[in-house]
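Now for the letters of each chain:
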There are 4 protein chains.
Amino acid sequence: MTDESARDEIMTATYEALCEHGYTELTTQAIADQTDKSKSLLFYHYDSKDDIISAFFDFLLEHFDERLAASQEVSPVERLAALVDWFLYDPDDDERASFHTAMLELRAQAPYDERFQAHLRRSDDALRAAFEDILRDGLEAGVFRDHDPAETATVLIAALDGARIRQLTMGRDAYLEEVRSGVANVVVADLLVEGESFPERGAVSLEAVDAAAGDDPE
Amino acid sequence: MTDESARDEIMTATYEALCEHGYTELTTQAIADQTDKSKSLLFYHYDSKDDIISAFFDFLLEHFDERLAASQEVSPVERLAALVDWFLYDPDDDERASFHTAMLELRAQAPYDERFQAHLRRSDDALRAAFEDILRDGLEAGVFRDHDPAETATVLIAALDGARIRQLTMGRDAYLEEVRSGVANVVVADLLVEGESFPERGAVSLEAVDAAAGDDPE
Amino acid sequence: MTDESARDEIMTATYEALCEHGYTELTTQAIADQTDKSKSLLFYHYDSKDDIISAFFDFLLEHFDERLAASQEVSPVERLAALVDWFLYDPDDDERASFHTAMLELRAQAPYDERFQAHLRRSDDALRAAFEDILRDGLEAGVFRDHDPAETATVLIAALDGARIRQLTMGRDAYLEEVRSGVANVVVADLLVEGESFPERGAVSLEAVDAAAGDDPE
Amino acid sequence: MTDESARDEIMTATYEALCEHGYTELTTQAIADQTDKSKSLLFYHYDSKDDIISAFFDFLLEHFDERLAASQEVSPVERLAALVDWFLYDPDDDERASFHTAMLELRAQAPYDERFQAHLRRSDDALRAAFEDILRDGLEAGVFRDHDPAETATVLIAALDGARIRQLTMGRDAYLEEVRSGVANVVVADLLVEGESFPERGAVSLEAVDAAAGDDPE
DNA sequence: GATGAATGAGAGTTCATTCAT
DNA sequence: AATGAATGAACTCTCATTCAT
């Protein structure tokens, strides 16, 4: 096994261990257990547990960034809806739920670690750019009223991220749906010109968008 | 020392230890160190560390709920502004920052513990009610346009909470200010009737509101 | 058990473990095994293994210093002989041999640790002073020819220490006896005035000296 | 690469690793790092780490023995001075210091290993012979008074070795100089016949002696 | 009520050693 | 002859928890 594939395997194992145990109970043993290898091998490929976690952060954001490369093939309104629905994922999707649960724990460590913060800022930049692109495209296409795309993007992201976190931590399944319609009515409704309407939930998916773009979704 | 006051002291010590060390490094020793008592005594008053943390959650939300009892003395617009600014606190306020940092870690544990979730739901109910009260009062008073207060409250809370978390985890001080004006322009602006305007940041504080209401703020 | 007596017990256990395993294989487990307590208790009384070893150094030198307080009751020549014989101990005395073996390992670490060096310097000062006192007393009493006590002490100590180490590391039992007579003939013979003679090996012991002084020997 | 040259390379690497890390922190990795080969190869050429160290002992003493083959070209007094100064090397010579530091650690292991002891005995024999040769040559040449060369050699070696060790372990730079003059005045002075004098420190070096003998010093 | 002393389970990490290639 | 990958045993150290006093 090459070093590259070994490191990949460890990253995947870290992902699985994180989903299974959560960050707080993420031990090197738990990571190794997701592998057919021994615990000490982790330290052959990485210098320390911290090093593993840090690399895992990189690993995550790489994958995340890839996902955001959005398509130009569908209309800005649909792309906006897809992005919103990607955020407000189906609460019954246990895999995504446990991933975001772990991510939340991970993010909760960022205030103690400048490197984490830098990662998250980079990721935030990518996310904002994705929203602003859509909003600007919509302005140009005349489907959005005049507004400040940066400001709208900021509010949207805050609301969607906040909603996701509140849903996870309160375990209130109805919550995401409420936020979805809230965002549609309170934020998006004012954005759309006469005649345009925001698609129903799930009508467009980011995966569909990816597919349209010929991308290889997760 | 009565059992009651001993438990109170432990809760306060837990609060302090949490702010100082964060949840991940919160040890029973760290809690005891905030006390003039010994570590073993913690286990006389509580069954386990988990028990302490669980009780601390109760303790927190009790105090939090008290804080939200809002005044009728000032105008709905001002009360709304106060609540918004309470959320988007001054990033230089280190005490609040370290408290919210610890709270974020604590909340990140909720997905693993139904009891935490129940607490957070209760707290969410109180918070929504506070927002909805203000919005409804504003409707009655004719300062807000017609809208669905529940929906607006949901979006507002999600955005404000999301903003707070993103600011903490990205360490981007400018962020809260951006969200504040974003919320003002994107959400609140559409709410206000002609002639009303949203106060500048810091023009009204929740403490002032509390004081007006004769409350004892934290 | 008081903290004091616990620490004492750990020091004794360290001594025993050191003699049994040597410094290189001195583990916290080995120390704990010389105790009826658990390994983790070591870390309750000391911060780290290094801390234990450092304290053990202090402990040793304290005991060593006590031993050196020599008597005025016997003649300088006899005191000198006693000190020489204390150095060139009976090679069959397994306990002393294993102690000095461990001490040698410990001393071999000193070049890497300034604190050890300081300890050894302090101990060297005490040892030199003990030799010089005897030599000066002998000069005053007219049993030693004129000489430089500091110089003689330096050479004597180097030779005795070197001999002890060479004996230990070569496992040559005859060695100490050779050095004893070598020192007697080469160094001490030139020191004695006509009529004085250096006692045979073992004729005077440091313990006897201690006893004469009413001291409590080890 | 022949087995012979590979083993030589490993011995040299062991020497370098030992000087750099000391015996206690001498790992197989550290040895391999001084090589352009891998760690596993060590185990192809040697059975175990212990085996490497044991072979290294052989290696050292071989080289050491070569060094001692002294010249007949210079006077016995000068040869004695050269040997003394070789022992009491310049404390600022970091390379020799770190070598002797490592050697001290190595020697401290000898009590646990009969093979080491045998090596050291052999080396002691060679060293004694070197001193005795010089002393006997001096007797014959009439520059030394009548004395027992074996006894004098024993004391000299013990004193010089002890001095070197004490200097290393106490970190007292002045020490070697004190011992040098002590040995000159206390031991050597009584050896010289009227009219002979012991050279100043550094006046003759073993390297010069080696060179005169056509040897290739280390 | 209150504590100092004690412990076991388990954490991250190191390292000599092995083995398939 | 040579190595990268792999491992198990052992290491130091931490911590929630217990218990005699």
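Scoring rules and cut-offs
- Residues numbered from 1 in each chain as written.
- Chains lettered and ligands numbered in written order.
- Predicted model: local features only at pLDDT ≥ 70, side-chain atom pairs only at ≥ 80, totals over all residues.
- Heavy atoms only, no water.
- Least-squares fit on C-alpha atoms with pLDDT ≥ 70 in both.
- Contact = heavy atoms within 4.5 Å.
- Buried area = accessible area lost by both parts, 1.4 Å probe.
- Salt bridge = Lys/Arg side-chain N within 4 Å of Asp/Glu carboxyl O.
- Helix = DSSP H or I, 4+ residues; strand = E, 2+ residues; numbered from the N terminus.
- Nonpolar A, V, L, I, M, F, W, Y, C, P; charged D, E, K, R; others polar.
- Polar contact = N/O pair within 3.5 Å; in protein donor to acceptor, adjacent residues only side chain to side chain.
- Phe/Tyr/Trp six-rings, centres within 6.5 Å; stacked < 30°, edge-to-face > 60°.
- Lys NZ or Arg CZ within 6 Å of the ring centre and 35° of its normal.
- Near = heavy atom within 4 Å.
- UniProt positions renumbered as here; feature names shortened; annotations may be inferred.

Colleague: Mind showing me how you'd approach the relation of the copies chain A and chain B here?
Modeller: For the pair of chain copies, the relating transformation is a rotation about an axis with a translation along it. It takes a turn of 178° to lay chain A on chain B, together with a shift of 0.0 Å along the axis; the resulting RMSD is 0.4 Å. As the rotation angle and translation indicate, the two copies are arranged about a two-fold axis. Comparing contact sets, 98% of the residues at the interface of chain A also lie at the interface in chain B, consistent with an isologous, same-surface contact.

Colleague: Is there a simple way to think about the interface of chain C and chain D in this case?
Modeller: A common measure of how large an interface is: the accessible area buried when the components associate. Contacts between the two partners involve 48 residues from chain C and, on the opposite side, 47 residues from chain D. A buried area of about 4,000 Å², summed over both sides, lies between chain C and chain D, and 57% of it is on carbon and sulfur atoms. For chain C, the biggest contributors to the area lost against chain D are Arg166, Thr169 and Arg172 of chain C; these three give 14% of the whole. At the surface where chain C touches chain D, the tally comes to ten salt bridges. Listing elements by their share of the side of chain C that touches chain D, those giving two or more residues are helix 1 (3-21), helix 6 (94-109), helix 7 (114-141), helix 8 (149-170) and helix 9 (174-188) of chain C. Broken down by element, the side of chain C that touches chain D gets its largest block of residues, 15 residues, from helix 8 of chain C. Classifying every residue of the side of chain C that touches chain D gives 22 nonpolar, 14 polar and twelve charged.

Colleague: Got a minute to help me understand the interface of chain A and chain B in this structure?
Modeller: The interface of chain A with chain B comprises 48 residues on the first partner and 47 residues on the second. Of the roughly 3,900 Å² buried where chain A meets chain B, counting both sides, 57% is carbon and sulfur surface. On the chain A side of the contact with chain B, Arg166, Thr169 and Arg172 of chain A bury the most area, a combined 14% of that side's loss. Between the two partners, chain A and chain B, sit ten salt bridges. Note that glutamate 178 of chain B is salt-bridged to arginine 128 of chain A, the shortest N-O span being 3.0 Å. Connecting chain A to chain B are 22 residue pairs in polar contact (both at pLDDT 80 or more). Among the elements that make up the side of chain A that touches chain B, the one with the highest residue count is helix 8 (residues 149-170) of chain A (15 residues). When its residues are assigned to classes, the side of chain A that touches chain B shows 22 nonpolar, 14 polar and twelve charged.

Colleague: Could you clarify how one ought to interpret the relation of the copies chain C and chain D in this entry?
Modeller: For the pair chain C and chain D, the superposition axis carries a translation of 0.0 Å, the fit reaches an RMSD of 0.4 Å, and the rotation angle comes to 178°. Comparing interface residues between copies, 98% of those in chain C also lie at the interface in chain D; the contact surface is shared.

Colleague: Explain the packing of aromatic side chains here, please?
Modeller: By convention here, two paired aromatic rings are described through the distance between centres and the angle between planes. Tallied over the full model, the rule gives 16 aromatic pairs over all chains. Judged by centre distance (6.0 Å) and plane angle (25°), the rings of phenylalanine 56 of chain D and phenylalanine 59 of chain D are stacked. Highlighted residues: phenylalanine 56 of chain D and phenylalanine 59 of chain D, both in helix 4 (residues 49-68), separated by three residues, approximately one helical turn. The ring of tryptophan 86 of chain B carries arginine 164 of chain B above its face, with NZ or CZ at 5.8 Å from the centroid.

Colleague: Help me out: how do you make sense of the pattern of salt bridges in this one?
Modeller: Note on pairing: side chains with opposite charge can pair once their charged atoms come close. By the definition in use, this model includes 57 salt bridges over all chains. Close ionic contact of glutamate 114 of chain A with arginine 121 of chain A constitutes a salt bridge, the shortest N to O distance being 2.9 Å. The closest approach of N and O atoms between arginine 201 of chain B and glutamate 177 of chain B, which form a salt bridge, is 3.1 Å. Placement of the pair is arginine 201 of chain B in the loop between helix 9 (174-188) and helix 10 (206-212) and glutamate 177 of chain B in helix 9, with a sequence separation of 24 residues.

Colleague: Looking at this structure, I do not really get the side chain of arginine 172 of chain A. What am I missing?
Modeller: Within the fold, arginine 172 of chain A resides in the loop between helix 8 and helix 9 (174-188). At 2.7 Å, the side chain of arginine 172 of chain A and the side chain of aspartate 125 of chain B are in polar contact. Sequence-distant contacts of arginine 172 of chain A, defined by excluding residues within four places in its chain, comprise Gln167 of chain A together with Arg121, Asp124, Asp125 and Arg128 of chain B.

Colleague: Is there a simple way to think about the protein's contact with DNA strand F in this case?
Modeller: The environment of DNA strand F is formed by 32 residues, the closest being Ser38 of chain A, Lys49 of chain B, Lys49 of chain C together with Ser40 and Tyr44 of chain D. Take serine 40 of chain A: an N or O atom from its side chain is 2.7 Å from a base oxygen of DNA strand F. Elements represented by at least two residues in the surface near DNA strand F include exactly helix 3 (39-45) of chain A, helix 3 (39-45) of chain B, helix 3 (39-45) of chain C together with helix 3 (39-45) of chain D. A total of four residues in the surface near DNA strand F trace back to one element, the largest contributor, which is helix 3 of chain A.

Colleague: Explain the UniProt feature "DNA-binding region" (unreviewed entry) in chain A to me, please; I cannot follow it from the model alone.
Modeller: The sites that carry the UniProt feature "DNA-binding region" (unreviewed entry) are, in the present numbering, residues 27-46 of chain A. Taken end to end, residues 27-46 of chain A comprises 65% helix and 0% strand; its first and last C-alpha atoms sit 14 Å apart.

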